[in-house]
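Residues per chain, in single letters:
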Amino acid sequence: MERHFGIWAFLVLFLVLDYGCFGCLDEERIALLVLKAAFCSPDCSSLPSWEDEESDCCGWERVECSNTTGRVLKLFLNNTRESSQEYLYINASLFSPFVELKILNLSTNMLATLGDDEGSERPFKLNNLELLDLSSNTLDISMLASLTELSSLKSLSLGTNILEGSIQELAALHNLEELDLSNNLLESFITTKGLKSLRKLRVLHLETNGFNISTLKSLGRLSLLKELYLGGNKLEGSVTLRELNNLRNLEVLDLSSTNISSSILQIVEVMTSLKALSLRSNGINGSQTALQGLCKLRNLQELDLSDNGFEGSVSPCLGNLTSLRALDLSKNRFSGNLDSSLFAGLMKLEFLSLSHNVFQTFPPISSFAKHSKLEVLDLICGNNTLLLESEDQTWVPSFQLKVFRLSSCILKTGSIPSFLHHQHDLRVVDLSNSSLEEDFPTWLMKNNTRLEELNLKNNSLTGYFHLPYRPHIFTSAIDISNNLLQGQMPSNISVSLPNLMFLNVSRNSFEGSIPSFGGMRKLLFLDLSNNLFTGGIPEDLAMGCPSLEYLILSKNDLHGQMFPRVSNLPSLRHLELDDNHFSGKIPDLSNSSGLERLDVSHNSISGKLPGWIGNMSNLAALVMPNNSLEGPIPVEFCSLDALELLDLSNNSLSGSLPSCFSPSSLIHVHLQENHLTGPLTKAFTRSMHLATLDIRNNNLSGGIPDWISMFSGLSILLLKGNHFQGKIPYQLCQLSKITILDLSYNSLSGHIPSCLNKIRFRTGFRSGKFSIISYFQSSGFSSYLYHSQHIELSQVNVNSYPIAYDKAMAEFTTKNRTDFYKGNFLYSMTGIDLSSNKLTGAIPPEIGNLSQVHALNLSHNILTGPIPAAFSGLKSIESLDLSYNNLTGTIPGELTELTNLAVFSVAYNNLSGKIPEMTAQFGTFLENSYVGNPYLCGSLLRKNCSRAEEEAEIEEGEKGLTDRDIFYVCFGASYVVVLLGVAAVLYINGGWRKKWFHVIDVVASRIRWSTLLLYGWTRDSQHTRGS
């Protein structure tokens, strides 16, 4: 009987222990399928195994069950939804069947509420739940009501939501040990009374909210707190030792980016239990004495003081922190000579960053030879003045680095540090800007098969770019630009580097054909510019790199068709083919619909502008100058609303500007040197951000439109060499940010607007985006995160990689020559050119108020009157041209005050009197500055001024007599002509002749009778007086 009882007991025990083989409970399987329907409507690719209603749900992915009861213990539903899907509304009661659930992860699901259909929050009925992750959703403060009955909860993550307001409900979670409220909108924490209920709290994440210094002071109630993360809040103000006295047990304190007062350096010394401290990015100033308090924290393992204002020598007492594993002193003003003794006792160091300081010398790397745990050594000098001591070639390091950066440092040896020959686990190597002079280090890649990033740009590396024979599947980024490498690119690059994302070999001397990049499906960035590549663009490059975003082939000797006729680059954003020898028509690139920049300038491309360009809704820069394009600007271009830069200059484009072409984002327009015709109409009227408008040397006509005043940010206006006519509109005076104004070689008439003096013509002014800079930002060269035990140590190698820099430019004539101004030269240039028009009237004296103008050209007009003495106010003027007008009077002597004047001309006017004294700048001018003014005098003109005045008076008198004689001659000639004309008419027409003689006879008779009557009246009067 006992034997049978033992067998039955064994069977029962076996069934209990192996209950899982019978599968999960039906009610929980059904509940899981209901959850799937709620999470994944209308479909769900992330839960493919959740389908069979009869299968064991404990075997489903993301589900873990108890081996004894078969009930669900852990449920991982994080990131089950696409980010493009709509917000998710889940009722918390759906989880009620999982009565033994201990871990629930619902993060990253676009979760918006835990309420019912009416929007009311329902509490979780999960008495055994210990961990709940609701981070990275869109939950607001109302969801806290659903958490109040989770009495067993130990860990709660609500980070990265939209919580705002009171969080008092959290005080009900008495067993909570870890709480994450980071990345929300909170400004106030739990009250003092509520904090008493959270006495078990060990870890608290409050970073990136709106908490202030009072929050830090209140946390002293949490006496058992071990880890406190407050980074990214605004903790301005001071804090006392008494207020933080209860935080003595803290082991981790993150106060990065909080604006905390430097007084924290004295207070924190009492927290002797600290293992990790981050004071990064607080602007804390001080010398080595300010760090004395930190040196008392002998248990410290991780210390981040980066991005502050510390200066002077590094405090030697830091060398006493022998437990340090990570030390970051980067981005400060530490200086002096670093002594190797500082690091001699820090044998546990794994991470050391001293980048971006102003050290004069750095100890040899061999001084770290015995630091066997060292993995990251980061030293970006930045100021290019750091000197490394010569190294002993025989030493062998005990460490194996993962990250080594020695950028922008001066290496005495001019070669790659020898210890790298003994490194075999490198992931990131940056030796850029280090004056290296040796062959390309193929051995470095061969020895480190897990190498991810290699940056050797801006050195003097020579030889050939050889790759290891075996593929490097981990390598994602290589930059060897601006070296002296030559020969052909490796033909096996697509095989050797199959997962490459970033490649920059620009500014070398590579030659031959572009190698095959076919099959490099992860390649994002490819820059082969400024080399000697020949041939065309390979078809496999255009077809086999579907992820390619940036393709830069500028400044080579490439020729043939601009791009293969068939291409498949759906991700392409930047295509730069400028300064090559491409020819033929522009191929269809419409399948690269995300194109943002297209630059084919300085080639031999012909044909018309294709209309498909107008469909590129993201296009910001269209650069096609110096080609042979013809035909009109397509009306489809009116859809390019994202366009910022348009350069179609130096082509053969014709027709009128489409009146609908007015991109709202447009900044720079260059259409000069074409054959455009017609008026401006309404083109550009919506381009309110316009800074440059260059339409020189076309055949445009009509008047300068009044709406020009709408461009409040316009800096450069170049209308030279067209057929504009009419008056200069006064609306030009409202362009307060103009720096260069060129209206020359048109048919403008009327007076010069006196209101031009309202324009300030400021030097050094950058209007709007004066320069458009494009950046490459991706995971190619990324921030390297060193995952320390407690705090995050981020070392940024390349935040953003500049790939295109469109400087504003202007061609302007001054000092008798035409120059292109760009960059800093353009920022310091101001000028007005109204020459070669039909302007009349006097020069407005107000022009003399333009004290910032460097060049003023009013030549070749019909201006009259004197030269204003107010021109002495042109204090910055360097070139003043008033030649070929009808100006009169004397040259104001005040012009000698213009000390910057280099070019001056008043030639071919009617000026008189003595030329200015030949002092200062006027002592440098030659006779040709005054030629064509016969009444000017002075020693330079070899004409005595007193004789010149007499000659002028005599000539003026003779001129008067001559004018009287001419009048008499003209009058006599006219009289004779009239008499002869009357005689001829009378001779030809007999009727008129009879009437004429009849009139003459009548007139003669009346004269005769009038004379006889007058004679008779006179005799009678005399006779009467005599009697």
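First things first, this report covers the structure right here in the doc. (Residues numbered from 1 in each chain as written. Predicted model: local features only at pLDDT ≥ 70, side-chain atom pairs only at ≥ 80, totals over all residues. Heavy atoms only, no water.)

### A word on the overall build of the protein
For the record, the criterion: Helix numbers and strand numbers start at the N terminus; a helix is a DSSP run of H or I with at least 4 residues, a strand a run of E with at least 2. Relative accessibility thresholds used throughout: buried, under 20% of the residue-type maximum; exposed, over 50%; partly exposed, between the two (1.4 Å probe, protein chains only). Contacts: residue pairs with any heavy atoms within 4.5 Å of one another. Using a 1.4 Å probe, the Shrake-Rupley method yields the accessible areas, and only the shown protein chains count as cover for residues.
The number of helices and strands found in the protein is 12 helices and 64 strands. When burial is assessed residue by residue, the protein has 51% of its 1027 residues classed as buried. Contacts in the protein between residues far apart in sequence, at least 24 positions, make up 57% of those at least 6 positions apart. As displayed, the protein offers around 45900 Å² of accessible surface, 52% of which is attributable to carbon and sulfur atoms.

### Here we look at the nonpolar core
Convention followed: As used in this record, nonpolar core signifies buried Ala, Val, Leu, Ile, Met, Phe, Trp, Tyr and Cys residues forming a set joined through side-chain atoms within 4.5 Å.
Residues L75, F95, L147, F517 and Y930 are the most contacted members of the largest nonpolar core, which totals 257 residues. In terms of residue count, helix 2 (residues 26-40) provides more of this core than any other element does, 6 residues in total.

### Some thoughts on the pairing of strand 31 (residues 532-535)
Defined as follows: By definition, two strands form a pair when at least two bridges between them are found by DSSP.
By the bridge criterion, 2 bridges tie strand 29 (residues 509-512) to strand 31 in an arrangement that is parallel. Its bridge partner being in strand 31, E511 is matched across the sheet by L532. In terms of strand pairing, strand 31 meets strand 33 (residues 557-561) through 2 bridges, oriented parallel. For T534, the partnering residue across the bridge sits in strand 33 and is D557.

### Looking at the environment of Y884
Within the fold, Y884 resides in the loop between strand 60 (879-881) and strand 61 (886-889). When the C-alpha positions of Y884 and Y908 are compared, they lie 4.8 Å apart, and in sequence the two are 24 residues distant.

### Quick notes on a negative patch on the surface
The test is simple: A patch consists of residues whose relative accessible area exceeds 30% and which take part in no salt bridge; residues with like charges are grouped when within 9 Å of each other, and nonpolar side chains (Val, Leu, Ile, Met, Phe, Trp, Tyr) when within 5 Å. Each reported salt bridge corresponds to a side-chain nitrogen of Lys or Arg within 4 Å of a carboxyl oxygen of Asp or Glu. Only four residue types enter the charge count: Lys and Arg as positive, Asp and Glu as negative, with His and the chain ends excluded. Every charge is mapped to an atom, namely NZ of Lys, CZ of Arg, CG of Asp or CD of Glu.
A surface patch of like charges, here negative, comprises E51, D52, E53 and E54. Considering the arrangement of structural elements, one finds E51 in the loop between helix 2 and strand 1 (63-65). Residue E51 is classed as exposed on the basis of its relative accessible area, which comes to 56%.

### A look at the state of the cysteines
Under the convention used in this document: Throughout, disulfides are identified as pairs of cysteine sulfur atoms within 2.5 Å of each other.
Across all of its chains, the model carries 7 disulfides by this definition. Bridging C638 to C660, the disulfide has an S-S length of 1.9 Å. With the S-S bond torsion at 65 degrees, the cross-link from C638 to C660 turns out right-handed. Of this pair, C638 sits in the loop between strand 39 (628-631) and strand 40 (645-647) while C660 sits in the loop between strand 41 (652-655) and strand 42 (668-670), and the two are 22 residues apart along the sequence. Note on cysteine connectivity: C733 is disulfide-linked to C755, with sulfurs 1.9 Å apart. Classification of the bridge connecting C733 and C755 rests on its S-S torsion, roughly 65 degrees, and on that basis the disulfide is right-handed. Remark: C755 occurs in the loop between strand 49 (747-750) and strand 50 (771-776) and C733 occurs in the loop between strand 47 (723-727) and strand 48 (740-742); sequence separation between them is 22 residues. Take C755: its relative accessible area is 16%, and that puts it in the buried class.

### Let's talk about empty space enclosed by the protein
Cut-off, in case you're wondering: Grid points spaced at 1 Å and placed over the protein atoms alone form the basis of the search, with a cavity being a set where a 1.4 Å probe fits but cannot get out and a pocket an open set showing protein on both sides within 12 Å along at least five of seven lines. Lining residues have an atom within 4 Å of a point. Grid points are joined across faces, edges and corners, and a volume is the space filled by probe spheres set on the points. Residues are grouped as follows: nonpolar covers Ala, Val, Leu, Ile, Met, Phe, Trp, Tyr, Cys and Pro; charged covers Asp, Glu, Lys and Arg; every other residue, Gly included, is treated as polar.
Evaluation of the coordinates by the stated rule reveals 2 cavities of 30 Å³ or more. In this model, the second largest cavity occupies a volume close to 40 Å³. Forming the walls of the second largest cavity are I752, L756, I832, L834, I847, L856 and L858. Taken together, the residues of the lining of the second largest cavity break down into 7 nonpolar, no polar and no charged.

### A word on the pairing of strand 45 (residues 699-702)
Of the strand pairs in this sheet, strand 43 (residues 675-678) and strand 45 are connected by 2 bridges, and their pairing is parallel. Its bridge partner lying in strand 45, G678 is registered against L700.

### Re helix 2
For clarity, the cut-off: A helix's residues, less one, multiplied by 1.5 Å, set its expected span.
Here helix 2 spans 21 Å end to end across 15 residues, near enough to the 21 Å set by a 1.5 Å rise per residue. Taken as a whole, helix 2 has its buried residues at E28, R29, A31, L32, L33, L35, K36, F39 and C40. Of the surrounding elements, those touching the buried residues of helix 2 are strand 1, strand 2 (72-76) and strand 3 (88-89).

### Observations regarding the packing of aromatic side chains
Where we set the bar: Only Phe, Tyr and Trp rings are paired, with Trp represented by its six-membered ring, and only when their centres lie within 6.5 Å; those with planes under 30 degrees apart are stacked, over 60 edge-to-face, the remainder tilted.
Counted by the stated rule, this structure contains 22 aromatic pairs. Consider the rings of F465 and F510, whose centres lie 6.4 Å apart with planes at 55 degrees: the pair is tilted. With F465 in the loop between strand 25 (453-455) and strand 26 (477-479) and F510 in strand 29, this residue pair connects regions lying 45 residues apart in the sequence. Aromatic ring contacts, followed pair by pair, group W395, F399, F404 and F419 into a single cluster.

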